[in-house]
Protein chains: 2
Amino acid sequence: MGRVTLQTIADHVGVSRMTVSNAFSRPDQLSANLRDRVLAVAEELGYAGPDPTARALASGTAGTVGVLLSETLTYSLTDEVAMAFLAGITDELAPTGTSLTLLSAAPQGDLVPARDVAIDGAIVYSCNPESSAVSWLMRRRLPMVFVDQAPAPGIASINIDDRQGARAAAQHLVDLGHRQVAIVTTGFAGEFGLLTDPLQATTAYTERQRLLGWFDALDAAGIPATVVRQRHANPDEIGYTAAQTLLGHGECPTAILCFSDAIARGVIRALQDSGLDVPDDVSVVGFDDNPISRRISPALTTVRQDVDAKGRAAASALTLAIDRAKTGPARRIRHLMLPTELVVRASTTHPPRTSSSSTAV
Amino acid sequence: MGRVTLQTIADHVGVSRMTVSNAFSRPDQLSANLRDRVLAVAEELGYAGPDPTARALASGTAGTVGVLLSETLTYSLTDEVAMAFLAGITDELAPTGTSLTLLSAAPQGDLVPARDVAIDGAIVYSCNPESSAVSWLMRRRLPMVFVDQAPAPGIASINIDDRQGARAAAQHLVDLGHRQVAIVTTGFAGEFGLLTDPLQATTAYTERQRLLGWFDALDAAGIPATVVRQRHANPDEIGYTAAQTLLGHGECPTAILCFSDAIARGVIRALQDSGLDVPDDVSVVGFDDNPISRRISPALTTVRQDVDAKGRAAASALTLAIDRAKTGPARRIRHLMLPTELVVRASTTHPPRTSSSSTAV
DNA sequence: TAATTGTTCTGTACCGATACAGTAGCGCCC
DNA sequence: GGGCGCTACTGTATCGGTACAGAACAATTA
């Protein structure tokens, strides 16, 4: 017994294959009566509808878009902020019926998802633009949107105002009177450890923008910052060990700026384990405004970004790019930048009085 | 200018289309020399490799598998436990080069992902087995694995020992001397509110198994339980409002069993907001052993399941089912049940002395 | 030397649909 | 009653590959 295809049904009903195809995909092309007959026979034969693969080839539409996630999927999937971003994407995609395929940036054996999986377009989220996965997507000339990455010519991009947010966070500490500030950050590549010139150590766009923002405010106030940079991994552990490094390294800072809320949680945990109080001994600022940051104790001062909106914007930009690729030559590409906002909660306050040397401004 | 295909390259190099195909997909079928020439020309022409869609049709392999997630993707994506499960899947899938496509169980317009997306198989995670999405997958005769669902004949399934875990949790409370116990649970359909016969109200497999387990221990001890059941939504809010319901409803329980850790967090928050101490006034038990449950205060007593192992098991069962579907007729289907384990932490203790009427056993 | 084996490349037949340009029949109108 | 415009359906070409069974030719074996 062969497989049931459009032709099988066509033969049974006594119509052309095309009519059966229309019965499924373009109901307005045939009489309701005939359509019902076709559908009935299909039902009877256990036909599940046009084969998606064949349909994809013939129509040039896969019905799914890819999301390229940084490095291993495992990390990304346990990152609440990244997942909230995905949720924003799927929300926006839902009405269009488009599905989402998770693409690992790391090649897996000799199969490269970015090269070998059928998709109509891709959202590239916080990836190394030089990675082979990204270049495969480009070679395929797939419609793309870059998110949390350096905007590239000809490719739509969505970013948040990392720099402004970071600046506001650092300025907040400066305004509170802090003069001994540390920074805890993370990345996939570059130098790690206690860094004197972190801007030299990193190429990742988001990290770089935040560093720039922090230094905008700190430099203006003449405040040098101790920077601890760690390889990307479990953020809680990163924060914990980074804080330990800071505590073991001479003078303890009175405030710590963190790359993310998740890292900030680890930092706070380490400080508390060392008997220090947050914020009375040390102030801590996060980034992202992870939903649980409001709930932890002390509630975290952080920089809010609207991750859901970012996801939606990415999805709609991609949908647009896909439509556009079909209809005609490219029109103007948009580079969107969403705002960020400092949210002051309970994890920051004035530096303790016993604070030692303070640099004059 | 037409698109660059295998034929284009074949013409340029002066070989057959088949040879070019082999150069990409079966390197052992041609001399290294010729292969290099082919690849060089492909590079020159900006050819990105065989079109995934066409390859999928011809070879019968899409290179991606679907995960059907309960109801809306939005909820699932913000569920740490579900995401850790996905991470387990992707880890196991990585070496095979297979990607993961997120399938919404809810139909979207007239496009039904479960019917219209090209996949080699599917993992059905905690879905209503009667849902149209599941029945589409079945009609397509796709290799499938059921996870956290009632095992079905002919379909591999992975479950955890929900019942045993729940029983252990409830027994723990009984052993501590609690005689006034409440249960907070959730589901997509059925009855909601204060329930007298919750087993009647729910058909969802996991929820049912946990209820059975809780009652195994409570019934044996002759302890009636107050059950609050809420429609699936933000778990923190579910827990919060459920606890409020319990507090407003006559006698306050001395212990609360929760469907998940996330819900337990909401419950604890509500209790604390009401000036009650956890565990001195009320003990709270969760389920899942969400990673952050260890970190919150008080550290949560819960039932541990190995979500990562569940994901891996699901992925490898699916890979097996896919291979099997290709090679020959089905062999024995496996129904796997992973263990659960009670983890006692700081959120449970003896009931307060002032506890009123206690039922004799 | 003839037979056997192996390597390397080719030709044809699909995979299962959709696109698009017809064609046939039919009611309508002046 | 011939031209016109609809609706309903069909035929052919095509989407871009892979599978599989050879063919051509050199190398090995008996």
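Higher on the page you've got the structure.
Computed from a predicted structure; not experimentally measured.

Another aspect to go through is the protein's contact with DNA strand D. Lining the immediate environment of DNA strand D, one finds 27 residues, of which A:Thr19, A:Ser31, B:Met18, B:Ser21 and B:Tyr47 sit closest. Sugar plus phosphate: this is where 64% of the atoms of DNA strand D within 4 Å of the protein reside. Within the contact set of DNA strand D, a phosphate oxygen lies 2.4 Å away from a side-chain nitrogen or oxygen of A:Thr19. Between B:Leu6 and DNA strand D, the recorded distance is 2.9 Å, taken from a backbone N or O atom to a phosphate oxygen. Among the secondary structure elements, those contributing two or more residues to the surface near DNA strand D are α2 (17-25) and α4 (52-59) of chain A together with α2 (17-25) and α4 (52-59) of chain B. If one sorts the elements of the surface near DNA strand D by residue count, α4(B) sits on top with five residues.

This brings us to unusual backbone geometry. What you tend to see is this: most non-glycine residues have negative phi, and most peptide bonds are trans. Following A:Ser297, the chain continues to A:Pro298 via a peptide bond in cis, the omega torsion being 0°. As for its position among the elements, A:Pro298 is in the loop between β10 (283-285) and β11 (302-305). Here the amide bond leading from B:Val278 into B:Pro279 is cis, since omega sits at 15°, within 30 degrees of zero. On the secondary structure map, B:Pro279 appears in the loop between α13 (261-273) and β10 (283-285). In this model, A:Asp289 sits at a positive phi of 60°, which is unusual for a non-glycine residue. Note on placement: A:Asp289 falls in the loop between β10 and β11. Since its relative accessible area comes to 13%, A:Asp289 is described here as buried. One non-glycine residue, B:Ser126, lies in the positive phi region at around 50°. If you trace the backbone, B:Ser126 turns up in the loop between β3 (122-125) and α8 (132-139). You can call B:Ser126 partly exposed: its relative accessible area is 28%.

Let us look at the packing of aromatic side chains. Using the criterion set out here, one finds four aromatic pairs over all chains in the structure. A centroid spacing of 5.4 Å and a plane angle of 65° characterise the contact between A:Phe24 and A:Tyr47, whose relative ring orientation is edge-to-face. Highlighted residues: A:Phe24 in helix α2 and A:Tyr47 in the loop between α3 (32-45) and α4, separated in sequence by 23 residues. For A:Tyr47, a relative accessible area of 7% translates into the label buried. One residue, B:Lys310, lies across the ring of B:Phe85, its end atom 5.7 Å from the ring centre.

Glancing now at the packing of helix α6 (residues 80-93) of chain A against helix α14 (residues 307-327) of chain A. Residue and element names in this part refer to chain A. Put simply, α6 and α14 touch, their axes get as near as 7 Å, and they point 45° apart. Judged on the interaxial angle alone, α14 and α6 are oblique. Seen along the crossing, α6 lies across α14 with a hand that is right-handed. Side by side, α6 and α14 meet where Val81, Ala84, Phe85, Ala87, Gly88, Ile89, Asp91, Glu92 and Leu93 of the first sit next to Val307, Asp308, Lys310, Gly311, Arg312, Ala314, Ala315, Ser316 and Thr319 of the second. Each residue belonging to the contact of α6 with α14 can be placed in one class, and the counts come to nine nonpolar, four polar and five charged.

By way of backbone hydrogen bonds, the strands of a sheet pair with one another, either parallel or antiparallel. All names here are of chain A. As summarised here, the arrangement of the five strands in space is β7-β8-β6-β9-β10, forming an open sheet in which the pairing is mixed. Looking at the sheet topology across the chains shown, the edges are occupied by β7 (193-195) and β10. Each adjacent strand pair in this sheet contributes to an overall mean axis angle of 25°, direction not counted. Pairing of strand β9 (residues 255-258) with β10, which is carried by three bridges, proceeds in the parallel orientation. When the sheet's bridge partners are listed, Ala255 is paired in β10 with Ser283. The strands touched by helix α11 (residues 205-220) are β6 (181-187), β8 (225-231) and β9; relative to β6, the strand with the most contacts, the crossing angle is about 170°.

In the vicinity of DNA strand C there are 27 residues, among which A:Ser21, A:Tyr47, A:Asp51, B:Thr19 and B:Ser31 approach most closely. Among atoms of DNA strand C positioned within 4 Å of the protein, sugar and phosphate together represent 65%. The contact in question runs from a phosphate oxygen of DNA strand C to an N or O atom on the backbone of B:Ser31, over 2.8 Å. Listing elements by their share of the surface near DNA strand C, those giving two or more residues are α2 and α4 of chain A together with α2 and α4 of chain B. Tallying contributions element by element places α4(A) first for the surface near DNA strand C, with five residues. Of the residues contributing to the surface near DNA strand C, the split by class is 13 nonpolar, eight polar and six charged.

Residue and element names in this part refer to chain B. In contact at an axis separation of 7 Å, helix α9 (residues 162-176) and helix α11 (residues 205-220) are set at 35° when each is read in the N-to-C sense. The element α9 and its partner α11 pack so that their crossing is right-handed. In this structure, α9 uses Asp162, Arg163, Ala166, Arg167, Ala169, Ala170, Gln171 and Val174 to contact α11, whose residues at the interface are Thr206, Gln209, Arg210, Leu212, Gly213, Trp214, Asp216, Ala217 and Leu218. Classifying every residue of the contact of α9 with α11 gives eight nonpolar, four polar and five charged.

Another point: the relation of the copies chain A and chain B. You can overlay chain A on chain B at an RMSD of 0.0 Å; the transform is a turn of 180° with a shift of 0.0 Å along its axis. The symmetry that links the two subunits is that of a two-fold axis. For chain A, the smallest separation between a C-alpha atom and the rotation axis is recorded for A:Thr101, amounting to 2.0 Å. Most of the interface of chain A is mirrored in chain B: 100% of its interface residues are interface residues there too.

Moving on, we come to the interface of chain A and chain B. Contact with chain A, which involves 46 residues of that partner, is made by 46 residues of chain B. Broken down residue by residue, the surface that chain A buries against chain B is led by A:Ala48, A:Leu77 and A:Arg139, which jointly contribute 14%. For the interface between chain A and chain B, the tally reads five salt bridges. A salt bridge links A:Arg295 to B:Asp236, with the shortest nitrogen-to-oxygen separation between them at 2.9 Å. Those elements that provide at least two residues to the side of chain A that touches chain B are α3, α4, α5 (73-77), α6, β2 (99-104), α7 (113-116) and α8 (132-139) of chain A. Split into classes, the residues belonging to the side of chain A that touches chain B amount to 22 nonpolar, 12 polar and 12 charged. For β2(A) and strand β2 (residues 99-104) of chain B, the ladder comprises three bridges, and the chain directions are antiparallel.

With that settled, consider the nonpolar core. By size, the foremost hydrophobic cluster in this structure holds 144 residues, and its most contacted members are A:Leu257, A:Val284 and B:Leu257. For A:Val284, the residues in contact, after removing those within four places along its chain, are A:Ile256, A:Cys258, A:Ala264, A:Val267, A:Ile268, A:Leu271, A:Val278, A:Leu300, A:Thr301, A:Ser347 and A:Thr348.

The subject of this paragraph is the sheet that holds strand β6 (residues 181-187) of chain B. All names here are of chain B. Taken together, five strands build an open sheet; the order of strands is β7-β8-β6-β9-β10 and the sheet is mixed. Each edge of the open sheet carries a strand with a single partner, namely β7 (193-195) and β10. When the angles between neighbouring strand axes are averaged without regard to direction, this sheet yields 25°. Sheet topology note: the β6/strand β8 (residues 225-231) ladder contains seven bridges and is parallel. Bridge assignment links Thr186 to a residue of β8, and that residue is Gln230. Sheet strands in contact with α9 are β6, β9 (255-258) and β10, and its direction is about 175° off that of β9.

All names here are of chain A. Turning to its location among the elements, Leu103 is positioned in strand β2. What makes Leu103 buried here is its relative accessible area of 0%. Between the alpha carbons of Leu103 and Ala122 there is a distance of 9.1 Å; along the sequence they are 19 residues apart.

Definitions and cut-offs
- Residues numbered from 1 in each chain as written.
- Chains lettered and ligands numbered in written order.
- Predicted model: local features only at pLDDT ≥ 70, side-chain atom pairs only at ≥ 80, totals over all residues.
- Heavy atoms only, no water.
- Near = heavy atom within 4 Å.
- Polar contact = N/O pair within 3.5 Å; in protein donor to acceptor, adjacent residues only side chain to side chain.
- Helix = DSSP H or I, 4+ residues; strand = E, 2+ residues; numbered from the N terminus.
- Buried < 20%, exposed > 50% of the residue type's maximum accessible area, 1.4 Å probe, protein only.
- Phe/Tyr/Trp six-rings, centres within 6.5 Å; stacked < 30°, edge-to-face > 60°.
- Lys NZ or Arg CZ within 6 Å of the ring centre and 35° of its normal.
- Axes fitted to C-alpha atoms, helices over the stretch in contact; angles between N-to-C directions.
- Parallel < 35°, antiparallel > 145°, perpendicular 65-115°, else oblique.
- Left-handed = near helix turned anticlockwise from the far one by under 90°.
- Contact = heavy atoms within 4.5 Å.
- Nonpolar A, V, L, I, M, F, W, Y, C, P; charged D, E, K, R; others polar.
- Pairing = 2+ DSSP bridges.
- Least-squares fit on C-alpha atoms with pLDDT ≥ 70 in both.
- Buried area = accessible area lost by both parts, 1.4 Å probe.
- Salt bridge = Lys/Arg side-chain N within 4 Å of Asp/Glu carboxyl O.
- Core = buried A, V, L, I, M, F, W, Y, C linked by side-chain atoms within 4.5 Å.

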